[in-house]
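# Analysis of the macromolecular model
Below are the chains, spelled out letter by letter.
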Amino acid sequence: MTTEPLQNYINNEWQASNISEYLDVVNPATAEVIASVPLSPATEVDRAAKAAAEALDEWRRTPPTERIQYLFKLKNLLEENFEEISRTITIECGKTVDESKGEMRRAIENVEVACGIPTMMQGTNLEDIASGIDEFMIRQPVGVCAAIAPFNFPGMITFWFLPYALACGNTYIVKPSEKVPMTMEKIFQLLDQIGLPKGVVNLVHGGVETVDAILDHPTIKAISFVGSTATAKYVYGRATANGKRAQCQGGAKNPMIVLPDADADMTIRGITESAFGCAGQRCLAASLTLTVGDAQDWFTESIADAAASRVVGYGLEEGVEMGPVITPQSASRIEGLIQQGVEEGATVLVDGRHAKIPSYENGNFLRPTILQNLNRNGEIARTEIFGPVLGLIHVDTIDDAIAFVNSGRHGNMACLFTSSGTSARKFRYEAQIGNIGINVGVAAPMAFFPFSGWKESFFGDLHGQSHDAVDFFTQKKVVVERWF
Ligand code: NAD
């Protein structure tokens with residue numbers, strides 16, 4: 001690992017930032033400093049925006065069939081470097097290598113889907129809307145676009161946007177999370193090898209000031225953001241006030257409903273993986289379980305056993321099932337929220353606080369925690385914890401459970417475990433939630449579906465991935481044509 005400062009990639013060149021302020025990048029399992037990242041100033045965003053603007057005309061005129069040839073090359077390079085990128089994700093983000101590989105697989109799938117752009121970007125037409133007059137709609141790129149990414153998926157999330165933006169003829173700027181900048185640095189080393197014209201893709205590292213410069217830059221026409229709800233709301237407000245398109249995905253509080261007729265093994269496996277996979281730092285992590293009727297009897301003991309037996313440690317090591325959380329501040333925040341849940345009336349069924357992992361005493365570790373009898377009217381039943389904590393609430397009927405789900409502030413994901421098709425249909429029909437799982441604990445849409453999200457989990461209209469991304473990265477032009 002190098003502690004050399006990371007560099008920005010602008011106009012196909014690696015450029016050291018002019019700023020004197022660097023942030024340490026820290027391995028969350030070992031507490032070692034593994035890199036330092038510049039908090040780039042507005043002047044560097046401006047340089048990237050100018051490079052992207054200069055590249056735009058040639059790039060948008062490059063036929064889509066040619067544009068996707070670069071994506072085929074990128075896909076091959078991502079495959080060749082799959083192990084190394086996955087390892088980098090684990091080292092800077094903490095998740096297990098298998099989880100990192102899952103993330104990169106989805107990133108690659110998005111490149112594959114975007115290779116279908118010659119079909120996906122097609123418009124529509126109708127001849128003879130009046131005698132001898134034809135009308136058709138074509139799609140054109142939006143211009144210079146930018147992505148602002150969170151820490152928890154250092155590789156994948158940029159790929160909900162970037163391959164579609166490029167394939168549609170836009171030029172691009174990526175601002176990764178300053179907590180996990182190394183993965184995107186590696187990916188840009190691959191982008192550097194595929195021979196894109198100068199300025200088509202640019203990487204600018206940084207924090208809040210860098211984001212503000214992106215949001216205020218007049219050349220940048222569209223913003224894709226993923227992060228916490230507070231920042232998503234802020235980014236959406238500032239971007240749209242500046243006349244930009246914006247799609248801003250926010251936080252989550254994902255409930256699982258367990259009916260008495262659910263398959264017990266499948267339910268425990270699904271909810272354990274959802275709540276504690278990626279140490280609960282997933283926008284699709286199970287945060288609450290609502291047991292309905294008799295389900296409480298078999299569910300509570302089994303989920304406690306599954307949580308207590310999860311192997312916690314350094315994600316690079318064989319057999320580890322759960323890594324650390326991202327920072328010491330995050331670990332303290334999560335422990336504080338567990339305490340608040342207790343003060344609101346919950347009992348700690350499985351206590352994962354103050355975990356010490358042999359050989360990794362300085363890591364930001366918690367073990368899985370389960371809060372029983374969570375106060376359904378309390379704050380902890382509503383607030384995103386973003387750590388390996390599952391709250392249990394008991395309700396009498398599926399209607400109570402759905403009413404609770406619909407009363408939440410977020411709308412990212414909800415899942416139902418049942419063997420009844422009737423209950424499943426009722427739930428998917430009535431739940432006011434963007435991503436629904438039926439007997440599935442992490443209902444992550446494949447790359448050829450949009451990654452949905454409602455209410456405070458999403459600000460905007462068009463989501464990432466697939467056709468929504470194509471709609472976001474193109475503007476429609478309608479032509480009415482008469483020839484004599
Ligand atoms: P975050 O909001 O702290 O940071 C996200 C990005 O915004 C980073 O690039 C950061 O540099 C920037 N940023 C942070 N504060 C800012 C501010 N005040 N002004 C301008 N920019 C700012 O989020 P995070 O902690 O990196 O990520 C975790 C959050 O992301 C969780 O809430 C999680 O649910 C959410 N998330 C949502 C989805 C989804 O699809 N809905 C997916 C992944 C993560």
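Residues numbered from 1 in each chain as written. Predicted model: local features only at pLDDT ≥ 70, side-chain atom pairs only at ≥ 80, totals over all residues. Heavy atoms only, no water.

## As for the site of the ligand
- Residues in close proximity to the ligand total 27 residues, the closest being Ala149, Glu178, Ser228, Gln249 and Glu384.
- Alanine 149 places a polar main-chain atom, nitrogen or oxygen, 2.7 Å from an oxygen atom of the ligand.
- Between glutamine 249 and the ligand, the recorded distance is 2.7 Å, taken from a side-chain N or O atom to an oxygen atom.
- Of all elements in the fold, only α8 (208-216), β10 (220-226) and α9 (229-241) reach the threshold of two or more residues within the shell around the ligand.
- For the shell around the ligand, the residue count by class is 15 nonpolar, nine polar and three charged.
- Counting contributing residues per domain, the shell around the ligand is built from domain 1 (8-250 + 457-482) and domain 2 (254-438), each supplying no fewer than three. (Near = heavy atom within 4 Å. Polar contact = N/O pair within 3.5 Å; in protein donor to acceptor, adjacent residues only side chain to side chain. Helix = DSSP H or I, 4+ residues; strand = E, 2+ residues; numbered from the N terminus. Nonpolar A, V, L, I, M, F, W, Y, C, P; charged D, E, K, R; others polar. Domains from an automatic or database assignment.)

## Topic: the side chain of threonine 474
- Here threonine 474 is to be found in strand β22 (residues 474-482).
- At 3.1 Å, the side chain of threonine 474 and the side chain of arginine 139 are in polar contact.
- Leaving out residues up to four positions away in the same chain, threonine 474 has contacts with Met121, Arg139, Gln140, Pro141, Val142, Cys168 and Arg245. (Contact = heavy atoms within 4.5 Å.)

## Some details on a nonpolar patch on the surface
- A cluster of nonpolar side chains, Leu126, Ile129, Val478 and Val480, forms an exposed patch at the surface whose accessible area comes to about 360 Å².
- Listing elements by their share of the nonpolar patch, those giving two or more residues are β5 (124-130) and β22.
- Assignment of secondary structure puts valine 480 in strand β22.
- Overall, valine 480 belongs to the exposed group, its relative accessible area being 52%. (Patch = residues over 30% accessible without salt bridge, like charges linked within 9 Å, V, L, I, M, F, W, Y side chains within 5 Å. Areas by Shrake-Rupley, 256 points an atom, 1.4 Å probe, with all protein chains shown as cover. Salt bridge = Lys/Arg side-chain N within 4 Å of Asp/Glu carboxyl O. Buried < 20%, exposed > 50% of the residue type's maximum accessible area, 1.4 Å probe, protein only.)

## Focus: the pattern of salt bridges
- Applying the stated criterion across every chain yields a total of 20 salt bridges.
- Its salt-bridge partner being arginine 310, residue glutamate 273 comes within 3.1 Å of it at the nearest N-O pair. Note that glutamate 273 is positioned in helix α10 (residues 264-276) and arginine 310 in the loop between α11 (295-308) and α12 (328-343), a separation of 37 residues in sequence.
- Owing to a relative accessible area of 33%, glutamate 273 belongs among the partly exposed residues under this scheme.
- Owing to a relative accessible area of 11%, arginine 310 belongs among the buried residues under this scheme.

## Some words on the packing of helix α2 (residues 64-80) against helix α4 (residues 97-114)
- The geometry of α2 relative to α4 is characterised by a closest axis approach of 9 Å and an angle of 160 degrees between their N-to-C directions. Viewed along their axes, α2 and α4 adopt a mutual orientation that is roughly antiparallel. Crossing of α2 over α4 shows left-handed handedness. Contact residues: α2 offers Ile68, Leu71, Leu74, Lys75, Leu78 and Glu79, while α4 offers Met104, Arg105, Ile108, Val111, Glu112 and Ala114.
- Residues belonging to the contact of α2 with α4 are distributed by class as follows: eight nonpolar, no polar and four charged. (Axes fitted to C-alpha atoms, helices over the stretch in contact; angles between N-to-C directions. Parallel < 35°, antiparallel > 145°, perpendicular 65-115°, else oblique. Left-handed = near helix turned anticlockwise from the far one by under 90°.)

## Concerning the domain arrangement of the protein chain
- Segmenting the protein chain into domains produces domain 1 (8-250 + 457-482) and domain 2 (254-438).
- Taking the mean C-alpha position of each, domain 1 and domain 2 sit 31 Å from one another.
- Between domain 1 and domain 2, the contact holds 22 residues from the first and 26 residues from the second.
- Where domain 1 abuts domain 2, roughly 1,900 Å² becomes buried across the two surfaces, and 63% of that area is made up of carbon and sulfur atoms.
- The three residues of domain 1 that bury the most area against domain 2 are Pro28, Ala29 and Ser457, which together make up 27% of that side's buried surface.
- Taken together, domain 1 and domain 2 are joined by zero salt bridges. (Buried area = accessible area lost by both parts, 1.4 Å probe.)

## Some points on the pairing of strand β16 (residues 389-395)
- Of all seven residues making up β16, six are buried, and the element is well covered by its neighbours.
- Alignment of strand β13 (residues 286-292) against β16, held across five bridges, turns out to be parallel. By the bridge assignment for β16, leucine 290 is matched with isoleucine 393.
- Pairing analysis gives three bridges linking strand β15 (residues 369-372) to β16, with the strands arranged parallel. Looking across to β16, one finds that threonine 369 is bridged to valine 389. (Pairing = 2+ DSSP bridges.)

## Examining α2
- An ideal rise of 1.5 Å per residue puts 24 Å on 17 residues; α2 measures up with 25 Å between its terminal C-alpha atoms.
- When we look at burial in α2, the residues that qualify are Arg67, Ile68, Tyr70, Leu71, Leu74, Leu77 and Leu78. The buried residues of α2 occupy one face: seen down the axis, they fall within an arc of 165 degrees.
- Against the buried residues of α2 lie α1 (42-61), α3 (82-93), α4, α5 (117-120), α6 (162-167) and α7 (182-191). (Expected span 1.5 Å × (residues − 1). Arc of directions from axis to C-beta.)

## A short note on the nonpolar core
- Membership of the largest hydrophobic core comes to 133 residues, with the highest contact counts inside it found for Leu78, Tyr172, Ile257 and Phe473.
- Built from parts of two domains, this core gets at least three residues from each of domain 1 (8-250 + 457-482) and domain 2 (254-438).
- Other than its neighbours up to four places away in sequence, isoleucine 257 contacts Leu290, Val292, Ala401, Ile402, Val405, Cys415, Leu416, Phe417 and Phe427.
- In terms of nonpolar packing, the next biggest core, distinct from the first, is built from 24 residues, Ile10, Val45, Phe225 and Cys248 among them. (Core = buried A, V, L, I, M, F, W, Y, C linked by side-chain atoms within 4.5 Å.)

## Re α11
- In a regular helix each residue adds 1.5 Å, so 14 residues correspond to 20 Å; α11 covers 20 Å between its end C-alpha atoms and thus fits that length.
- Every buried residue of α11 is accounted for by Ala295, Phe299, Thr300, Ile303, Ala304, Ala306 and Ala307. Around the axis of α11, the buried residues are gathered within 165 degrees of arc, so they sit on the same side. Within α11, the exposed residues directed more than 90 degrees away from the buried face are Asp297, Glu301 and Ala308.
- Turning to α11, the residues buried within the fold contact β12 (254-258), α10, β13, β14 (347-350), β15 and β16.

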